[in-house]
Amino acid sequence: MASACSIRVRGVVQGVGFRPFVYRLARANTLAGWVLNGEEGVEIFMEGAQPGLQAFVQDLKTQPPPAASIAEIEVHAAAPVGLNEFTIRESQHRERPTVRISPDLPVCNDCRKELFDPADPRYSYPYINCTNCGPRYTVVLGLPYDRPNTTMQRWSLDEYCDAQYHDPGNRRFHAQPVACPKCGPSYTLCSDVAVVHGSAASVRKAAQLLNDGSILAVKGLGGYHLACDARNAAAVAALRERKYRKEQPFALMASDIDVARGLVELSEEAEALLLSTARPIVLAPAKTELPGVAPDNDELGVMLPYTPLHHLLFAAGAPEILVMTSANRSSEPIAYEDEEALDRLSGIADAFLIGERPIARRVDDSVARLGTFGPVILRRARGYAPGAVATLPGARPILAVGADLKNSVTLVVDGQAFVSQHIGDLGHYQSLRAFQETIHDLVSMYEVRPEDLIVAHDSHPQYLSTAHALTLGGRQPVAVQHHRAHLASVLAERGEWETRVLGVSFDGTGYGDDGSIWGGEIFAGSVNTGFERIAHLRSASLPGGDAAAQYPVQAAAGFLAQLDGLPDLTAIPFGFPQRYQNALELIRKDVRTFPTTSIGRLFDAAAALLGFTREVTFEGQAAMWLEQLARSAALTEPYPFPFASGELDFRPLLQSVIRDRLLGRDRGKIARAFQRGLSQGLCDALVAICQMQNLDIVALSGGVFQNELLLQDLKSLLEPERIEIWTNHAVPPNDGGISLGQAVLAAFGQFERSTEMARSQDENNYA
Ligand SMILES: [Zn+2]
Ligand SMILES: [Zn+2]
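Every value quoted in this text rests on a predicted model; they were computed, and no experiment measured them.

J.: What am I meant to see in the coordination of the zinc ion (ligand 1) here?
T.: Each donor-metal-donor angle would ideally measure 109.5 degrees in four-coordinate tetrahedral geometry, or 90 or 180 degrees in six-coordinate octahedral geometry. Taken together, the protein donors to the zinc ion (ligand 1) comprise C108 (SG), C111 (SG), C130 (SG) and C133 (SG), at separations of 2.3 to 2.4 Å. Coordination geometry of the zinc ion (ligand 1): the four donor atoms subtend angles of 104 to 117° at the metal centre, consistent with an arrangement described as tetrahedral. Written as a sequence motif, the donor arrangement for the zinc ion (ligand 1) is C-x2-C-x18-C-x2-C. Taken together, the positions of C111 in helix α3 (residues 109–115) and C130 in the loop between α3 and α4 (159–165) put the pair 19 residues apart, joining distant regions of the chain. Since its relative accessible area comes to 0%, C111 is described here as buried.

Next up, the structure:
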C-alpha cells in the first residue's frame with residue numbers, strides 16, 4: 001500500500017546540488033513525487049512503499065551533498081495523490097537573495113574519481129566540476145545564475161555535457177560551469193623558451209619545472225598563485241627577492257592531509273578546518289623547518305588542494321609541499337586577469353600555467369586558525385565570501401564600506417548581512433579599484449536601488465573608504481566609530497542585540513570620538529542602546545601619528561616619554577637607532593604628535609625594548625614577534641598593569657621591562673611577564689567593571705586579539721571569575737570584521753550623521 005509524506009529541509013540547501021540529489025535518492029527508492037526550492041528551503045513531496053520512504057528520509061539525513069548543511073528536516077505524513085514519477089519542479093517563487101551566489105567549492109570526491117579514471121571523458125580535465133563542487137562566486141558575472149551570466153559564456157556545451165546538464169538524475173543537472181575536454185576551456189604553459197598546449201601536457205611540464213626549482217605563476221579560482229618547491233631553499237629565496245616580500249610568511253599547499261600532518265601539529269578540530277569546504281589556509285605550529293618560508297615564525301600556514309588542477313599537479317609529480325602565495329608584488333592585491341598577471345608577474349615567474357576560463361573577480365585564499373575559543377577567520381575570502389554571516393532585524397538595505405586596512409564591505413538585504421571577500425589595503429590603487437568594483441558588484445547582484453541604501457562608513461574623516469562612501473549618494477551616509485564597530489561584529493554574529501556586555505576593543509589604530517588615535521578601549525552597552533566608553537589605556541603620545549606603526553622605536557618614544565629615570569636607550573642592551581631620537585624631538589617640540597590609547601602601539605613599544613628596533617615589513621609584525629618570544633618561556637610572575645579611575649596604566653609595565661632588560665633577564669621571560677601582566681591588569685579591570693555594572697559577559701575584538709597567548713591568559717583568568725567570553729568566529733577580529741559591525745550599528749541607529757562629522761573634523765585631524 002502506498003504512503004506519502006511532505007518534507008521541508010532548511011539550512012544551506014539551495015545552489016548546492018540538493019534537488020538532483022533528492023531526485024536520485026527518490027528514484028533509487030522507487031518513489032514518486034516532486035522537489036522544489038521554496039521560500040524557506042527545499043520542499044519535497046513523495047509517495048510509495050513505506051520502507052522506501054523510510055530509507056529515503058534516513059539517507060536524506062545521513063548523506064546530504066557535500067556542500068549542503070542541513071539545519072532542520074520536518075517530515076509530515078500526507079495523503080498519496082497517485083503520482084507516477086519523480087520530478088524536479090521549477091521554483092514557484094523568486095529565489096531569495098540568500099541563495100543567489102554561493103561561495104566557491106572544492107572539487108568533490110565523485111569528480112576526483114572521474115578525474116583520475118582513464119575511462120572517463122573528463123579524465124585529467126582541470127575544469128571538471130558538478131553541482132556539488134567547483135567555481136561559483138569567481139565565475140558569476142550577473143544574475144540569474146545561468147551559464148550566459150558566467151565566465152563560461154563563450155564555451156557552448158557539446159552533446160555529452162548538454163545531455164548531463166539537462167538530465168535531472170545527473171550530478172551535473174544545471175551545473176552552470178560544466179565542461180569537458182572536447183567543449184570546454186583548457187590550460188596552456190608559457191615560458192620564455194616554450195609554449196606547451198593542452199591541459200595534460202602543460203600540467204606535466206609545470207610539475208617538472210617545479211621539481212627543477214622554477215617559480216610558476218598558476219592561474220587558480222580567484223586569482224594567480226606563485227608556486228615553488230617549499231623544500232627548495234634557493235627557489236624560496238628567489239621568490240622572496242623577486243616578490244619584494246622580505247619576511248611575511250608564505251602559504252603552503254600540501255599534496256594531502258598526511259603530508260600536512262607531517263608539516264604542522266594538527267588537532268582533530270584543526271584538521272576539520274583544513275578539510276572544510278572553504279579549504280582555508282590554516283595556521284598551526286610548525287613541525288618542520290622550511291628555510292625562508294616563515295622566517296622567525298613558529299607557525300606555518302597550510303592548505304590542501306581545492307581545484308582539480310591542484311590535484312593534477314601533485315599527481316603529475318609536483319613536489320608534495322608547494323609554496324602557494326598570492327601572485328603579486330609585496331602587498332598589492334592578487335592578480336587575476338591574464339594580461340595583468342603576465343605584465344605584473346614577468347620577472348617574478350619563470351613560467352605561467354594559464355587557464356582559459358576567465359576569473360570574474362579576485363578572491364584570495366582565506367586564512368583561519370583553531371584558536372583558544374574555536375575556529376577564527378583571520379582573512380575571510382575564498383570559500384566563505386560572499387556568504388551571509390548574520391541576520392539583522394529590519395528590512396532597510398545597508399551598505400557598510402569597512403575600514404582602510406584589511407578592507408571588506410558588507411551589504412544587508414532583507415536582513416541578511418553578506419560580507420564581501422577580503423579586499424585589502426585601500427592605499428594600493430589596485431585594492432581601491434577592487435573595493436569600488438566589489439561595492440558595485442554586490443549592490444547590483446542583490447538588486448538594491450542605490451538610492452534606498454543607508455551607507456555606513458568609519459568615522460575617520462580621511463579614510464579613502466569614507467571619501468568613497470560620501471560619493472555614493474545613498475539616502476543618508478552615517479559614520480560609525482571604529483572600535484564600537486569591532487565590538488558590534490562579535491554581537492552580530494550571535495544575533496545578540498539587547499544583551500548588555502562589557503566590550504574590549506584593542507587594536508593598532510582607529511579614529512576616536514575625540515579625534516585622537518584610539519586602540520585600547522573598554523565599552524559597556526548593547527547593540528540596541530549603543531556602547532559607552534568607560535575605560536581605556538592611559539593616553540600616550542604618538543610622534544608621526546599612524547605612520548609610527550612602521551617603526552616600533554617611534555611608538556616606544558611616545559610611551560617612554562612618560563617614564564621617569566630612563567636609561568640611555570641608544571646604548572646596550574637596547575640599541576635604539578637615530579629614529580628614536582628624532583621621535584623624541586617631535587614630542588619635545590610637539591610637532592606631528594598625537595594622543596593615543598593604542599594597545600597595538602604599546603605592544604610595539606615593548607617589542608622595541610626587547611630588541612625589535614628595525615622597521616616592520618608587514619602590519620602587526622612586532623606584536624607577533626613579541627608573542628612568539630613570550631611563548632618560548634614558561635608562565636611567570638606578571639608585571640604590574642594597574643587599573644584606576646578608568647585608566648590602565650602602562651608605565652609600571654614598561655618600567656618592569658626596562659629594569660629586567662638591564663638586569664640581563666632572559667628576553668622570553670620578560671616578554672612572557674609583559675603579556676601576562678597585560679592580561680592580569682585587563683582581567684582585574686574587567687572584573688571590577690563587571691561588578692560595578694552588573695555584567696557577566698565580556699566581548700573581545702580588534703586585531704590585538706589575534707594574539708592567542710593573550711586569549712589563553714584571559715580565558716584562564718576570567719573563567720574562574722564566572723565571566724563568559726565572546727569572540728569573533730564568522731568574521732575576522734581584525735579590521736576585516738569592521739564592515740559587519742558598521743552595518744549592525746547603522747541598522748540600530750548607533751551612528752553619527754556624516755554631515756555632523758564633517759563639521760567637527762577640521763578641529764581634530766591627526767593623520
Ligand atoms: Zn563534483
Ligand atoms: Zn563537453
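J.: Honestly, the environment of G741 in this entry has me stumped. Any pointers?
T.: One can find G741 in helix α21 (residues 738–747). Accessibility expressed as a relative area gives 0% for G741, which makes it buried. Non-local contacts of G741, meaning those with residues more than four positions away in its chain, are made with A485, A488 and S489.

J.: Would you mind showing me how to read the pattern of salt bridges here?
T.: Throughout the structure, instances matching the rule amount to 30 salt bridges. Here R10 makes a salt bridge to E72, at a shortest N to O gap of 2.9 Å. Of this pair, R10 sits in strand β1 (residues 2–12) while E72 sits in strand β4 (residues 69–78); the two residues are 62 residues apart in sequence, bridging distant segments of the chain. The partly exposed category is assigned to E72, whose relative accessible area is 37%. Across the pair E451 and R449 runs a salt bridge, and its minimum N-O distance is 4.0 Å. Look at E451 and you get partly exposed, because its relative accessible area is 44%.

J.: Where do I start with the sheet that holds strand β3 (residues 41–49) in this structure?
T.: Note: strands within a sheet are paired through backbone hydrogen bonds, in either parallel or antiparallel orientation. The strand order β4-β1-β3-β2-β5 describes an open sheet built from five strands, whose pairing is mixed. On the outer flanks of this sheet lie β4 and β5 (86–88), each paired with one strand and no other. Averaged over neighbouring strand pairs, the angle between their axes works out to 15° when direction is ignored. Looking at chain direction, strand β2 (residues 32–38) and β5 are connected through three bridges and run parallel. Across the sheet, the residue bridging to G33 is F86, located in β5. Lying on the sheet, helix α1 (residues 18–28) is in contact with β1, β2, β3, β4 and β5; it crosses β5 at an angle near 175°. Across the sheet, helix α2 (residues 50–62) is in contact with β1, β3 and β4; its angle to β3 comes to roughly 150°.

The rules behind these values
Residues numbered from 1 in each chain as written. Chains lettered and ligands numbered in written order. Predicted model: local features only at pLDDT ≥ 70, side-chain atom pairs only at ≥ 80, totals over all residues. Heavy atoms only, no water. Donors = N, O, S within 2.8 Å, 3.2 Å for Na, K, Ca; no water. Tetrahedral: all angles 85-135°; square planar, octahedral: opposite > 155°, others 65-115°. Helix = DSSP H or I, 4+ residues; strand = E, 2+ residues; numbered from the N terminus. Buried < 20%, exposed > 50% of the residue type's maximum accessible area, 1.4 Å probe, protein only. Contact = heavy atoms within 4.5 Å. Salt bridge = Lys/Arg side-chain N within 4 Å of Asp/Glu carboxyl O. Pairing = 2+ DSSP bridges. Axes fitted to C-alpha atoms, helices over the stretch in contact; angles between N-to-C directions.

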